[in-house]
Amino acid sequence: MGPVMKISDRDVLLVIDVQNDFCSGGALAVPGGEKVVPAINRIAKKFANVVLTQDWHPRDHVSFAPNHAGKQPFQTIELDYGTQVLWPAHCVQGTPGAEFHGDLDLTGASMVVRKGFRRGIDSYSALFENDHRTPTGLLGYLRERELKTVFVAGLALDFCVRFSAEDARKAGFEVAVIEDACRGIDLDGSVAATHRSFEERGISVISFEAFL
Ligand code: VGL
Ligand code: ZN
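Let me begin by describing the structure that accompanies this report. On a predicted model such as this, the values are computed, not experimentally measured, just so you know.

Some words on the packing of aromatic side chains
Part 1: In the structure shown here, the tally under the stated rule is 8 aromatic pairs.
Part 2: A ring pair is formed by Phe47 and Phe151, whose centres lie 5.5 Å apart and whose planes are at 65°; its orientation type is edge-to-face. With a gap of 104 residues between them, Phe47 in the loop between helix H1 (36-44) and strand E2 (50-55) and Phe151 in strand E6 (residues 149-155) connect regions that are remote in the sequence.
Part 3: Between Trp87 and Phe159, the ring centres sit 5.0 Å apart and the planes meet at 85°, which makes this aromatic pair edge-to-face. Of this pair, Trp87 sits in the loop between strand E4 (82-85) and strand E5 (111-115) while Phe159 sits in helix H3 (residues 157-170), and the two are 72 residues apart along the sequence. The residues Trp87 and Phe159 share a single accessibility class, namely buried.
Part 4: Connected via pairs of aromatic rings, a cluster forms that spans Phe74, Trp87, Tyr124, Phe159 and Phe163.
Part 5: It is Arg114 that lies over the ring of Trp56; its NZ or CZ is 3.7 Å from the centre.

Cut-offs used in this document
- Residues numbered from 1 in each chain as written.
- Chains lettered and ligands numbered in written order.
- Predicted model: local features only at pLDDT ≥ 70, side-chain atom pairs only at ≥ 80, totals over all residues.
- Heavy atoms only, no water.
- Phe/Tyr/Trp six-rings, centres within 6.5 Å; stacked < 30°, edge-to-face > 60°.
- Helix = DSSP H or I, 4+ residues; strand = E, 2+ residues; numbered from the N terminus.
- Buried < 20%, exposed > 50% of the residue type's maximum accessible area, 1.4 Å probe, protein only.
- Lys NZ or Arg CZ within 6 Å of the ring centre and 35° of its normal.

Written out as structure tokens, the structure is:
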């Protein structure tokens, strides 16, 4: 049987944060994070447009628990843009943890978007930082390239994949999340909340096998 999904030149594969710190042994390891790599490599070959994101924080970043006296990872704080989860220090600019997983095949990617590089603001989404206003520039890229459908894969399903998919949908793109090419962190039911949100917003959830 041929592929169920016909990929067009207006489709883009958005690969979120497949970096060492989100994989086994990393500073903010997502369970099974590295397992997304073979699936992403297989489907990326079929897309004419592939964009990668790279979480890219300064060492004094506001989202790092060790930068807040008395705070532990996974506690939250209130910032002027809303509630912020505090994470272990991760994806520090220029460190091995911030590099893409060594087995990720980057050859077909046309664009790498770095995010989270401003000290005072986190950025889960590939399109807007966590104030929902500061643009990364990716929305302009997608529009200027006249791309229409955004397929999302990578890490973590319930944070950066979720926020990226939701922002792309809000901006008017068709959006499909390739569920088995993602893995979640799952804090306080955040994976279940992600699935409910995708359903409410008309974000499709598909399997990477649809492309094979
Ligand atoms: C992410 C937490 C902090 C992600 C990035 O890639 O989902 N999560 N920074
Ligand atoms: Zn981060």
